[in-house]
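Structural overview for review
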Amino acid sequence: MNWLEAIVLGVVQGLTEFLPISSSAHQLLVGRIFFGNDGGGAAFTAINQLGTEAAVLVYFWKDIVHIVKQWFGSLTGKVEKNDPDARMGWLVITGTIPIALLGILFKDAIEGTLRNLWITATMLLVFALVIMVADIQSDKRLENKQTEKDLEHLSWADGLKFGLFQALALIPGVSRSGGTIAGGLFMGYSRPAATRYAFLLAIPAVLASGALQVVEVASAGKDADSGSWGMIGIATVIAFGVGYAVISWLMKYISTHNFRPFVIYRIGLALVIYVLLATGVVDTAVHA
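Because the structure is a prediction, the values reported are computed rather than measured.

What counts, and where the lines are drawn
Residues numbered from 1 in each chain as written. Predicted model: local features only at pLDDT ≥ 70, side-chain atom pairs only at ≥ 80, totals over all residues. Heavy atoms only, no water. Core = buried A, V, L, I, M, F, W, Y, C linked by side-chain atoms within 4.5 Å. Buried < 20%, exposed > 50% of the residue type's maximum accessible area, 1.4 Å probe, protein only. Helix = DSSP H or I, 4+ residues; strand = E, 2+ residues; numbered from the N terminus. Contact = heavy atoms within 4.5 Å. Polar contact = N/O pair within 3.5 Å; in protein donor to acceptor, adjacent residues only side chain to side chain. Salt bridge = Lys/Arg side-chain N within 4 Å of Asp/Glu carboxyl O. Phe/Tyr/Trp six-rings, centres within 6.5 Å; stacked < 30°, edge-to-face > 60°. Axes fitted to C-alpha atoms, helices over the stretch in contact; angles between N-to-C directions. Parallel < 35°, antiparallel > 145°, perpendicular 65-115°, else oblique. Left-handed = near helix turned anticlockwise from the far one by under 90°. Nonpolar A, V, L, I, M, F, W, Y, C, P; charged D, E, K, R; others polar.

A few points about the nonpolar core
Within the largest apolar cluster, 39 residues are counted, with the highest numbers of intra-cluster contacts made by Phe60, Tyr197, Phe199 and Ile247. Elements with a minimum of two residues in this core: helix H3 (41-59), helix H4 (61-76), helix H5 (84-105), helix H7 (117-143), helix H9 (176-186), helix H10 (191-220), helix H11 (226-253) and helix H12 (260-278). Take this core: its biggest share by element is 8 residues, from H10. Discounting residues that sit within four places of it in the chain, Phe199 has contacts with Phe18, Glu53, Val56, Phe60, Ser177, Ile247, Leu250 and Met251. Counting residues in hydrophobic clusters, the runner-up holds 12 residues, among them Leu117, Leu124, Leu269 and Ala270.

As structure tokens, then:
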């Protein structure tokens, strides 16, 4: 990796992490086309995500602090267990279980086989259709003046379902936010509620994944020189700044718009990747 690559991948991560277009797909594609690698590899991607997740922590800081405070209070008995924020803390933990278990069970495939661009393009296309169907259902509810769920209606069963949809994002091309939001729309939640919960739900999984990769890279002595860590650091800082701006824009956008533009973009990107693969411009092999 060089400094230019680190800066570019930091910008790509910040731009794509929160939009339902798959940041991992963009990291792979940009890495293959411009730098001859997999966008820094799975370890770099996981660490780089710490930057965008820090943006979530800052943007939702007051909410997160209150949820954590109430959750700990419910453990000591100072707060009732049915307190909405304490309950949200438990629901986030419950929703994190699927991605944690599947991430451990399929770690080798996630870091290797599944980073095949044919798979990535196919998931971009398939989940574009999934998001479109979920989006249409939401539009119909609004047209029929049906009440959509907000996070106060979040049940334990729905929390687990959200988690299962999030776990699908272990496959590049699905999109963590896209999969989770689509799941929420299918369950009858509003776009703002589904998006907000998708961001909150991602916090434990992304922080744990990034921290694990930091430990593994450091303990293995791989990429441990100051220059490499400096490049990872600048990419992460850039991802934070760009990611924060994207969150701010997206939360305003979804209050009055649907996800159809992102669906069209995903389909177009999938077709471009198919053409690039078919013509040999990029290859399917997994690069370090």
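Examining the side chain of Glu148
Considering the arrangement of structural elements, one finds Glu148 in the loop between H7 and helix H8 (156-167). Given the relative accessible area of 14%, Glu148 is considered buried. Engagement of the side chain of Glu148 in a polar contact is seen with the side chain of Arg141, the distance being 3.0 Å. Other than its neighbours up to four places away in sequence, Glu148 contacts Ser138, Arg141, Leu142, Gly188, Tyr189 and Ser190.

A short note on the pattern of salt bridges
This structure, assessed with the given rule, holds 8 salt bridges. A salt bridge links Arg191 to Asp135; the shortest N-O distance between them is 2.8 Å. Residue Arg191 is found in helix H10, and its partner Asp135 is found in helix H7; the two are separated by 56 residues along the sequence. For the residue pair Arg191 and Asp135, the accessibility class agrees, reading buried in each case. A salt bridge links Arg260 to Asp139; its shortest N-O distance comes to 2.3 Å. You can see Arg260 sitting in helix H12 and its partner Asp139 sitting in helix H7, a full 121 residues away along the chain. Through salt bridges that share partners, Asp135, Asp139, Arg191 and Arg260 make up one connected network.

A short note on the packing of aromatic side chains
Within a pair of aromatic rings, the relevant descriptors are the distance that separates the centres and the angle that separates the planes. If you walk through the whole model with that rule in mind, you get 14 aromatic pairs. Ring centres 6.2 Å apart and planes at 45° place the aromatic pair Phe259 and Phe262 in the tilted group. With relative accessibility at 1%, the residue Phe259 sits in the buried group. An aromatic cluster is built from Phe18, Tyr59, Phe60, Phe199 and Tyr244, whose rings are joined through pairwise contacts.

Quick look at the environment of Gly14
As for its placement among the helices and strands, Gly14 is situated in helix H1 (residues 3-16). Through-space distance from the C-alpha of Gly14 to that of Val237 is 9.5 Å; in sequence the pair is 223 residues apart. Gly14 has contacts with Thr52, Ala239, Val242, Gly243 and Val246, leaving out every residue within four places of it along the chain.

As for the packing of helix H2 (residues 23-35) against H7
Where H2 contacts H7, the axes come no closer than 10 Å and their chain directions differ by 135°. Considering their axes alone, H2 and H7 lie oblique with respect to each other. Here H2 runs over H7; the crossing is left-handed. Packed against H2, whose contacting residues are Ala25, Leu28 and Arg32, the element H7 presents Leu117, Thr120 and Leu124 at the interface. Residues that form the contact of H2 with H7 fall into these classes: 4 nonpolar, 1 polar and 1 charged.

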